[in-house]
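The chain contents come next:
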Amino acid sequence: MLLEVVELTKRFGGLTALANVSLSIAAGEIVGIFGPNGSGKTTLINLIAGILAPSAGRILWKTSEIQGRSPHAIAAAGVVKTFQNPQLFLELSIYDNVAIASHLRLQRRFGLSRITELLPWRDCSRQAEVVNAIHRVVALCRLDDVRDRSAASLSYGQEKMLGVAMAMMCEPELLLLDEPASGLGEDEIRTLEEVLRDLRDSGTTLCVIDHKVDFLARIADRAIALQQGSVIAEGVPAKVLRHPRVVEAYLGRQHARA
Amino acid sequence: MLQLLVGQTLNGVIVGTLYGIIALGVTLTFGITGIVNFALGEFMMIGAYVTWYLFDVAGLPYPVAIWPAIAVAAGCGFAADQLLFRFTRNNLINGLLVSIGLISIIEAAALLLWTTTPKDMGYVLSGAVALGGVSVPKMKLVVFALLAAVIFLTYAALSRTWIGRAAYAFSQNPEAAMLMGVRTEVLQSTVVVYSTALAGFGGALYATLYSLEPSMGGLYILKGVEAAILGGIGSLIGSLAGGIILGVTEAVGSIYLPSAFRDAYGLIFVVAILLYQPAGLFGTER
Amino acid sequence: MKALLWVPFLVFPALIQSNFILSIFIFSFILAIAAVSFNLIFGFTGQLSMFHAAAFGIAAYVTSLTTSFFHVSFWVALFPAIGFTILISLIIGSICFNFQLRAFYFAVVTLAFSELARLVILNWNSVTNGTLGLMVLDKPSVWVPGAGLIKIDGVFGWYFFSLAALIFTVAVCSLVLGSWIGRCFAAIRLNEDLAQTLGIDTFRYKLLSFTLANTLAAIAGSLYAFYTGYIEPNYLSINQSLDIISMVLLGGRSSVLGPIAGAFVLTGLPHMIDLSGEARAILYGLVLILTILILPQGLIGTLASWRRAA
């Protein structure tokens, strides 16, 4: 079991965003977490990634507790998240964006000996290995043709891909994706699914949070349904989607839309 | 000893309302235009000096003299808004630096016009009142009452009138407010001018109590910002409360601890507040 | 290569014999150190620190007092000055960055600490002589091969001494900024939340930037004190911080060398044009305003973007 969430609770003043949520993620699987807006999905992901500290409960990463630790420490431990609204270094090119994301990778490779990087004639970041990694990640996310363009000039779908690319550069063992499909057109969603499958095949465990149920059903090995801060169903996506409580939670919404 | 404490506390409250009126301007400006106008202290100075000139030199009665003073301060505020602040909306660092440039200009102009020799305005209202065993000059009470009244009136106006609600809506969600027909440029300019008018008014009252120097602006804006942070940026009543708390802390602190560090007490207080309660005592985090 | 830019400065004293002009250059070099180092925390890491003048002034006092109380040389006295600067930078930086103070509040808190420092120095009459200031009578000495130990006294010696210090500062800044540390600074400046999730310990790097900037400012302050021979509490005033900020803005905050241009203009102009104190202040205010509104990239930055566009 790679990640275990135990009785996780988060309260904001009087509002309980997450109530006693427990789940686990095994290595190599793609877990989909879905639920309507306000069900606590983003809160859950932010708690795992260290952006929030829980009011109660524990989060175990490879059996050690990580709840409440700072985001950078959790990223260093191997858990990296992407943002729902793509967060980028807008003034820089795509290449430079990914290059900054190589921070953890370089730290792992070279550690303290990076001090020698300060000498003007040595620069680890230009070393072939890292450059190759950057190119690989950029290609994986289908961004090579725009590699030298400024991050500010990207389309929304490309921005999301860049977010994934940067997260991948950190060599995550577990990648948390916060609503990766939202705002994307059908074609872009297909591309996203391909990329995510490629990621899983190369060894990364994925946890995808979204409210686009059909997208999740196609991509996830296992699904977890959240509603108002609690888990209401868990299992194979097809079964979860037919679960009476899930249908009730979503049918209401479907009716409202119709 | 008790008399000293009471006396200092009262002094602190009165000075605190002066801090409060500046703090109100700081909070309003920040909420609606997204910048901190460090030059507000200079507008206070303008109001003070024009009042002094009209009352002492031109011989106008005090209640007549303050209006042109406020008008001049507000007029300068309008000019500053159109020429400078209009281009730094929501850019905190640029707005800060531009207002600092403005301070240099205004303070230098004041030095040229009036030199560093302190100006003492003649008595507007003489006589004192016994309060809590201490003798308090009537003028100080008048100043306190007027400033507190203006702050409360501002608060009332903003919560009840249309323009007030528009301002509040704008500070919460600028795009939505714009879509609902709020003329945002007019709103922002109005707020800037109003805050400079407030500062000018504060200066006009300041002139009745203390002597005037061109450097007074720099001191008061710092206190105003401290008071605004203390009370919580975004809270109007918080500006008054923050100002009074700051004033009293300084006044009472000077009794027990070296008075040379008077200004430091407020600073330490503010740092502590920022670290533990960043929203201030009454504020909502913006 | 960029090293060639320094050559004119090296030969300058041979061409210009005027002590007055060379003196302006010396002041410009020393203040350029303060400006370039301020740009580390401001332009490159994106944090507006109002503590820079305090670092400048505190070190000036510590260096001067150490040489006069303990009768040691300038170089030995630099150690406690730099050590103390590092210590207070770590303390203040930890307080500010630990509590995640952003933008405006960081400026206010650093301003508060700067003012506190100034008040302490102003009122600690027994040690600092308060508002009257202190004379600094010592001069640093340098070992020059061939000539032995020379006292840096007089315009000629100070010119090369301060120029060397400036080159040292620029070298340190360039090395740091060209490394992964500089990339982390940029990440913090551009998008701090993102930097955190990518594994960058923003607390550590902000602290590093703040401490390094203040340490270099400490060197500038010490040099300033020993050159002018006089220190006073105004070294730590808000105005001094604002002067340095103006130099960076005027010169350009996106390059290491930009602030040097700003330092030269703002140090040199007031001496070149004979103006009254008030007129100078008005000019300074206008420069600041015009730079922000019209030349946001500063002189060097604007030049650089013209070259790129061409």
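A brief look at the structure comes next. All of these numbers come straight from a predicted model, not from anything done at the bench. Counting starts from 1 at the beginning of each chain's written sequence and moves along it residue by residue. Written order decides the labels, with chains lettered from A and ligands numbered from 1. Only residues with pLDDT of at least 70 get local features here, since the model is predicted, and only at 80 or more are side-chain atom pairs given and counted; chain-wide, interface and lining totals rely on the full set of residues.

### Quick word on the overall build of chain C
The helix count covers DSSP runs of H or I at least four residues long, the strand count covers runs of E at least two residues long, and both are numbered beginning at the N terminus. When its secondary structure is counted, chain C shows 14 helices and four strands. Radius of gyration: C-alpha atoms only; globule rule: 2.2 Å multiplied by the number of residues to the exponent 0.38. Relative to the globule expectation of 19 Å for 310 residues, the C-alpha radius of gyration of chain C, 19 Å, shows essentially globular dimensions. Overall, chain C is about 55 × 50 × 45 Å in size when its C-alpha atoms are taken along their principal axes. Field definition: a residue is buried when 20 or more other C-beta atoms are found within 10 Å of its C-beta, exposed when 12 or fewer are, and partly exposed for counts in between, with C-beta atoms placed from the backbone. Sorting the 310 residues of chain C into buried and exposed places 51% on the buried side. The contact criterion used is a C-beta to C-beta distance within 7 Å, with each C-beta placed from the backbone. Across chain C, contacts joining residues at least 24 apart in sequence account for 75% of those joining residues at least 6 apart.

### Quick look at the packing of helix α5 (residues 138-160) of chain B against helix α10 (residues 236-256) of chain B
Residue and element names in this part refer to chain B. Running from N to C, α5 and α10 cross one another at 160 degrees; their axes reach a closest spacing of 9 Å. Taken together, the axes of α5 and α10 lie roughly antiparallel to each other. Our pair here, α5 against α10, has a crossing hand that is left-handed. Mapping the contact onto sequence places Ala148, Ile151, Thr154, Tyr155 and Leu158 in α5 and Leu236, Ile237, Ser239 and Leu240 in α10. Lines fitted to C-alpha atoms define the axes here, with helix axes fitted over just the stretch in contact, and angles between the N-to-C directions of these axes take values from 0 to 180 degrees. Should an angle lie under 35 degrees it is considered roughly parallel, over 145 roughly antiparallel, and from 65 to 115 roughly perpendicular; all remaining angles are considered oblique. For any pair of crossing helices, the crossing counts as left-handed if the nearer helix is rotated counterclockwise from the farther one by less than a right angle, and right-handed if it is rotated clockwise.

### Re the interface of chain B and chain C
With 29 residues of chain B at the contact, the number on the chain C side is 27 residues. Per-element accounting of the side of chain B that touches chain C gives the leading share, 14 residues, to helix α4 (residues 92-114) of chain B. Among the residues making up the side of chain B that touches chain C, the classes are represented as 24 nonpolar, three polar and two charged. Residues are grouped as follows: Ala, Val, Leu, Ile, Met, Phe, Trp, Tyr, Cys and Pro are nonpolar; Asp, Glu, Lys and Arg are charged; every other residue, Gly included, is polar.

### A look at the nonpolar core
Among buried residues, those of type Ala, Val, Leu, Ile, Met, Phe, Trp, Tyr and Cys that are joined through C-beta atoms within 7 Å form a set called a nonpolar core. Within the largest apolar cluster, 271 residues are counted, with the highest numbers of intra-cluster contacts made by Ala165(A) and Ala35(C). In contact with Ala35(C), other than residues within four places in its own chain, are Ile244(C), Met247(C), Val248(C), Gly251(C), Pro259(C), Ile260(C), Gly262(C) and Ala263(C).

### Points about the interface of chain C and chain A
The interface of chain C with chain A comprises 18 residues on the first partner and 24 residues on the second. Taken together, the elements giving at least two residues each to the side of chain C that touches chain A come down to α7 (155-177), α8 (180-190) and α9 (192-197) of chain C. With five residues, α8(C) is the single largest residue contributor to the side of chain C that touches chain A. Of the residues assigned to the side of chain C that touches chain A, the class counts are nine nonpolar, six polar and three charged.

### Structural notes on unusual backbone geometry
Of note, Arg142(A) is a non-glycine position whose phi angle comes to about 60 degrees, a positive value. Residue placement: Arg142(A) occurs in the loop between α5 (128-140) and α6 (156-169).

### Section: the sheet that holds strand β10 (residues 230-235) of chain A
Residues and elements named next belong to chain A. At least two bridges found by DSSP between two strands is the condition for calling them paired. If you trace the six strands from one edge of the open sheet to the other, you get β6-β7-β8-β3-β9-β10, paired in mixed fashion. At either end of the open sheet lies a strand with only one pairing partner, and these are β6 (79-81) and β10. For this sheet, the mean angle separating the axes of adjacent strands, direction not counted, is 20 degrees. Examined bridge by bridge, strand β7 (residues 174-178) and strand β8 (residues 205-210) share five bridges and lie parallel to one another. Among the inter-strand pairings, Asp178 is bridged to a residue of β8, identified as Ile209. Against the sheet, helix α7 (residues 186-201) makes contact with β3 (30-34), β7 and β8, and its axis sits at roughly 150 degrees relative to β8, the strand it touches most.

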